[in-house]
Amino acid sequence: MAGNEWINGYLEAILDTGAGFDDPRTDQRLPTESRESGGFNATKYFVEEVVSGFDESDIHRTWMKATATRDAKERSARLENLCWRIWHITRKKKQIELENTHRVARQTKERERGHKDAAEDLEDLLEEVKSVAPLEASPDGEVEKKVIKKASQQEISWDQPKQKKLYLVLISLHGLVRGTNMELGRDSDTGGQVKYVVELARALARMPEVYRVDLLTRQISAPEVDWSYGDPTEMLSTDSYEGDEEEVGESGGAYIVRIPCGPRDKYLQKELLWPHIQEFVDGALAHILNMTKVLGEQISSGAEPVWPHVIHGHYADAGDIASLLSGALNVPMVLTGHSLGRNKLEQLVKQGRQSKEDINAAYKIMRRIEAEELSLDAAELVVTSTRQEIDEQWGLYDGFDVKLEKKIRARVKQGLSCNGRYMPRMVVIPPGMDFSNVVVQDTAELIDGEPDGDGTLVSPMSPPTEPTIWSEIMRFFTNPHKPMILALARPDPKKNMTTLVKAFGECRPLRELANLTLVMGNRDDIDEMAGGNANVLTTVLKLIDKYDLYGQVAYPKHHKQSDVPDIYRLAAKTKGVFINPALVEPFGLTLIEAAAHGLPMVATKNGGPVDIHRTLGNGLLVDPHNQEAIANALLKLLADRNLWVECRRNGLKNIHLYSWPAHCKTYLSRVALCRMRQPQWQNTSFVDEDLDADSQGDSLRDAQDISLRLSDDGERYGSVNSSLLRNINGNSERLKQAFERHKLGRRASSQDDYEPKKFESNDKAGSINGTSANRPPQLRRRRRLFVIAVDAYDVSLGHSNKETINIISEIFKAVSLEAAGRSTGFVLSTSLTVSETVSMLNPAGIAVQEFDALICSSGSEVYYPSGQSASEDGNGQDIQLSSDADYETHIDYRWGGQGLKKALSRLASVEDGNGDTDNRRFVVEDPQTSNSHCLAYTVKISSKAAKVDELRHGLRLRGLRAHVMYCQSGTKLHVIPLLASRSQALRLYMFVRWGLDVANMYVFVGETGDTDYEELLAGTHKTIILKGVLKGTSEHLLRSNGSYTKEDIVPSDSPNIVSTEGVFGSDSILEALRKLG
């Protein structure tokens, strides 16, 4: 085995020693008590004690110690232990390979089944369309035709006279992001992505169509990083490619906007940022809403707000954020994955060093994959660097299938309905590069008599003095005049730097011909670096020592971002070569940079370099696992003078294809095809002249009047208990009068605001009226909003019981004591239908008018109470509720409807022990509780019920997107639109629609709840967990084994989350509210 001589020597040594595991010598090494017990098992001992905590990187170290041991007995013992370790690793690898084989086979079978189901449904639709007139049969198709036509017109419009009016939002959450002196390579989170997004923001802002670009990232005020990362805003540029600076408005240009999330004084690696995603979303949403008003004043003179044209998420975490922002703002989302979780998981599993569980624990890989799936659910456009990324990486995901995507797109072009099926559009747009600072060494200086390459982008000139970084590198070399092999990458295992050093060290002709320069980020002390990076650097240093490469390899400790162009120029000056030996390279931006400086390349054949090589034709591709191939390619380029010159010339000639203007022009033309769905509220003619007056009136009477909402027995709008009033204020008569004014004023306002239209209901308490508001609901005037989202249900019956009423009453009582003069409102958020909600409240004497809004059917409907009136038959009262038509339009995006019904009928089938399905289903449809945006099912066989993540997996494979949740103690299943949920209705839609500050919302939840429970916990709102009030839960139906955990969603130390203590009641709730301030 080439390169593994130590293993060959080890095997020979094992044969020489001849020591078996039952050898008496082994027994002598054991503790006395183990020998005397007589129950010792050598196999068990070595597997449990020796192998535990061992990894492959220790084998060579153990072998070196064994061979250095002079004592034969001790050497034999060391070799024996080493044998067990190698055996264990081999067995572990085979187990992982077997598990991976079964997993891939299962995934392939599921994907084929999903593709078949989707194809059958689409064919059924086609038959239906053929049987009727096209315009009547496919109204959705007509809409899609109009969208396509409109998109085409938008694409043409880019070539018309440009107006700077576009507002673009980019998001890159992790790492250290700033515009100057970027600390690339400082850690694994601060790499090429940081440079890419900063330069992309600058480049887009310079385009004539673009007015402003915001790059949103995390604000970091930690002592271990520079103060600049805590600056809320940083200007990147205000200039234009066309040099017309007069058109740039007051707020125009490119900016880095830093949003606080997570602990303010800590710099967190990306794996620890997942629980803080929702907090970032809240802050980003507040910033964007503010900017839409500011830009509206500047661009359209205040006529209308300027919404973001697109929201572009970079990497999985930012994609998750962008999907939520896109849903809240109703604007298109664009996604760039950079590197993908499923691809990384596949690579790590194949290595066999870690189990899937270990990988998930280290990298939070399952949370990352789910974020990428959620991003695919919401994205209109996915930007990739290469075609390989589409076929071999995104093709691994449930949410994207190349074959199904082609079928869906063909139907859309024909104007045919897809029954809610959707696939995001994948486009290849290679990254750009800023050539303004590129200086290429004159070719005539390098090779006498050779002409220079294309000089249109770069200027052939020599700097008057040598840069400092040159001397920092040259000091390592005995002969600095030899050609330089340059590698520039983080010391990450996947960058494969150790293989490069081995290839260089084992090829004597290469060592004699060239020097090797390894620029592996910045470091002060290897021991203080992250484990993976430290291991790579340590291994590199050991290999340098092993092959005695001193004087031939440079590995500088520090460099600035501004030094990188000078490093490229130094390599070109010595007629060197740039190499990227990564195991897999998503794109390879450093290859573009090297080509722009006149350096030929040797690069991995896995990933983006294939497309770069096809475009530039400036080097050779190699198998990154083959040391000999790497050495031969380097030797060929360095030794063949004509080949080197040809590769250099080709790179300089074609490099303009990777310029930022070319990238941005393609980008904007693709974005123009996105379906523009910016907020279009139907009811915009609100008359708010009395808003300020009403708000003042509310604030004057709120503290006293809210205390009158409850009597001691929990009745509402009934008799007011005088003793309670005296306890609160001491002036019962005054409070009673205020109470009556409050009721009359509230009802009068409601009567003026709404014109009810009846819809049928069987509720005995009175009829319910569905309306659309002509004026904003009362909650728009609230300064604080208290949301009751406690999922308290009768475990046996599945619906809310008296405990729910008690919880509501105690919350009302606690808030009345805590209000302190502030205008407050209440929202009830539940999985019950609106009829079930009213039926629950009325018998307890709680009028729905006490709530400013009702979020019903798990967030698929929003109602605003608007007063009471006498019923037609004289029995009871009509309950007037205004349904929010704008919300229904908002959540209709990508709603599958009938397509979802068909898919769920298949997914709900119960499998027998042999993996076959029978006619039984674990859920059956419940039409009584369904509505136009909620498919409701009753769970019949709870033990066989599929988990939420399994159902979403099945729907995605069939091209369907939906929000799936179990509720009411696991007795009900609700399937609602992607943009609908209790969390999104409350925290996103109402924030954007009605201007309610999320930071002023207080959400009451139990210790557990429905499967959407976790979504209600995190964020900038205040969460009060009521302990001891729930007996049933649906959370056990949320995730399968091996998935991510609650800790990946909810921060464990958030100051915005508190729990009640002691006996449940208004006192414990009041104490919790006071903790929140």
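The residue numbering used here restarts from 1 in each chain and proceeds along that chain's sequence as written. Residues qualify for local features only when their pLDDT is at least 70, as the model is predicted, and side-chain atom pairs are given and counted only at 80 or more; totals for whole chains, interfaces and linings, by contrast, use all residues. Excluding hydrogens and water, the side-chain values take into account all heavy atoms of the structure.

(A) Geometry of the pattern of salt bridges. For this analysis, a salt bridge means a side-chain nitrogen from Lys or Arg found within 4 Å of a carboxyl oxygen belonging to Asp or Glu. Tallying each qualifying case throughout the model produces 36 salt bridges. In this structure, glutamate 1061 and lysine 1075 form a salt bridge, with 3.1 Å as the shortest nitrogen-oxygen distance. Of this pair, glutamate 1061 sits in the loop between β32 (1057-1059) and α37 (1066-1076) while lysine 1075 sits in helix α37, and the two are 14 residues apart along the sequence. Look at the salt bridges and you will find they share partners, linking Arg178, Glu183, Arg186 and Asp226 into a network. Starting at the N terminus, helices and strands are each numbered in turn, a helix being any DSSP run of H or I of at least four residues and a strand any DSSP run of E of at least two.

(B) Fine view of the environment of glutamate 803. Turning to its location among the elements, glutamate 803 is positioned in helix α31 (residues 802-818). Burial classes: relative accessible area under 20% of the type maximum marks a residue as buried, over 50% as exposed, and values in between as partly exposed (1.4 Å probe, protein chains only). The exposure class assigned to glutamate 803 is partly exposed, which follows from its relative accessible area of 28%. In sequence terms glutamate 803 and tyrosine 793 are 10 residues apart; their C-alpha atoms lie 7.9 Å from each other.

(C) Representation of helix α36 (residues 982-994). Two axes enter the definition of the bend at a residue: one is fitted to the seven residues ending there, the other to the seven starting there, and the bend is the angle between them. The largest bend along α36 reaches roughly 25° and is located at leucine 988. With 13 of 13 residues buried, α36 is to be regarded as a mostly interior element. Phi for glycine 995, located one or two positions after α36, is positive at around 75°.

(D) Summary view of the sheet that holds strand β12 (residues 515-519). When DSSP locates at least two bridges between a pair of strands, those strands are taken to pair. The strand order across the open sheet formed by 6 strands is β13-β12-β11-β14-β15-β16, and the pairing between neighbours is parallel. Unpaired on one side and paired on the other, β13 (553-554) and β16 (619-622) mark the two borders of the sheet. Sheet analysis places strand β11 (residues 484-488) next to strand β14 (residues 577-580), joined by 2 bridges and oriented parallel. Across the sheet, residue isoleucine 485 finds its bridge partner in β14, namely valine 577. Where helix α19 (residues 497-506) meets the sheet, its contacts fall on β11, β12, β13 and β14, and the angle it forms with β12 comes to roughly 170°. The strands touched by helix α22 (residues 564-573) are β11, β12 and β14; relative to β11, the strand with the most contacts, the crossing angle is about 155°. Residue contacts are defined here by distance: any two heavy atoms, one from each residue, within 4.5 Å place the two residues in contact. To define axes, lines are fitted to C-alpha atoms, for helices over the stretch in contact only, and angles between the resulting N-to-C directions are given on a 0 to 180 degree scale.

(E) View of the nonpolar core. Grouping buried Ala, Val, Leu, Ile, Met, Phe, Trp, Tyr and Cys residues that are joined through side-chain atoms within 4.5 Å yields what is termed a nonpolar core. Ranked by internal contacts, the top residues of the largest apolar core, which has 97 residues, are Ile171, Phe280, Leu285, Leu325, Leu329, Trp394 and Met990. Contact partners of phenylalanine 280, with chain neighbours within four places excluded, come to Ile171, Leu173, Leu216, Thr217, Arg218, Ile259, Cys261 and Ile321. One finds Ala489, Val577, Ile592 and Tyr658 within the second-largest nonpolar core, a separate group that totals 74 residues.

Remember that the coordinates give geometry; whether it matters functionally is a separate question.
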